[in-house]
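# Descriptive analysis of the structure
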Amino acid sequence: MDSIPVSHKRIIAILNNFRESSKVVTTTIEIIKKYNGGFYSNKNTPVSVSFNALFGKLLRANEEHYGIIFIDYISAKDDLGNPTKTARWKIID
């Protein structure tokens, strides 16, 4: 699997902020928005090199470490209104 450079500490801090605000469900898109300041679809980009897809795979591979549980995939839109899909996550203590 390809990899992307991300800060695990920053992801944990984002999730902890959600916990402090009593947020119990989030999406990969919401986490990426907090991490990058926005979310835009990686159109015409193979999944193997898509930042968004690799970020989602990273979350899935580190569920226990991050204290999240995958729920399902839902339809969503990026910040430009383009349709996409995103994973929903249950945030656990």
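Placed above this text is the structure.
A short tour of the structure in this document, coming up.

Further remarks concern the overall build of the protein. Along the protein, the regular secondary structure elements total four helices and three strands. Counting from the amino terminus, the protein carries its helices and strands in the arrangement α-β-α-α-α-β-β. Judged by the C-alpha coordinates and their principal axes, the protein covers about 35 × 30 × 25 Å. For the protein, the residues scored as buried account for 33% of the 93 residues in total.

With that settled, the discussion passes to the pairing of strand 3 (residues 83–91). Pairing geometry for strand 1 (residues 25–27) and strand 3, over three bridges, is antiparallel. Looking at strand 3, one finds that Thr27 is bridged to Arg88. Both strand 2 (residues 68–77) and strand 3 contribute to a ladder of nine bridges, which runs antiparallel. If you follow Ile69 over to strand 3, its bridge partner there is Lys90. Linkage of strand 2 to strand 3, two consecutive antiparallel strands, is achieved through a turn of five residues, within which Gly81 is found at a positive phi near 90 degrees.

Let's shift gears to the pattern of salt bridges. Within the structure shown, the criterion is met by four salt bridges. Of the charged contacts, one joins Lys33 and Asp79 as a salt bridge, the two residues approaching to 3.0 Å between their closest N and O atoms. Here Lys33, found in helix 2 (residues 28–36), pairs with Asp79, found in the loop between strand 2 and strand 3; they are 46 residues apart in sequence, far enough to count as distant. Residue classification places Asp79 among the partly exposed positions, given a relative accessible area of 34%.

Before going further, it helps to examine the side chain of Ser50. Of note, Ser50 is situated in the loop between helix 2 and helix 3 (51–61). Of note is the side chain of Ser50, whose polar atom sits 3.2 Å from the backbone nitrogen of Ala53. When residues no more than four places from it in sequence are discounted, the contact partners of Ser50 are Asn42 and Thr45.

The next thing to look at is the environment of Glu63. One can find Glu63 in helix 4 (residues 63–66). Distance in space between the C-alpha atoms of Glu63 and Ser75 is 21 Å, their sequence separation being twelve residues.

This brings us to helix 3. Within the span of helix 3, buried status applies to Asn52, Leu54, Phe55, Gly56, Leu58 and Leu59. Turning to helix 3, the residues buried within the fold contact helix 1 (8–20), helix 2, helix 4, strand 2 and strand 3.

The rules we used
- Residues numbered from 1 in each chain as written.
- Predicted model: local features only at pLDDT ≥ 70, side-chain atom pairs only at ≥ 80, totals over all residues.
- Heavy atoms only, no water.
- Helix = DSSP H or I, 4+ residues; strand = E, 2+ residues; numbered from the N terminus.
- Buried < 20%, exposed > 50% of the residue type's maximum accessible area, 1.4 Å probe, protein only.
- Pairing = 2+ DSSP bridges.
- Salt bridge = Lys/Arg side-chain N within 4 Å of Asp/Glu carboxyl O.
- Polar contact = N/O pair within 3.5 Å; in protein donor to acceptor, adjacent residues only side chain to side chain.
- Contact = heavy atoms within 4.5 Å.

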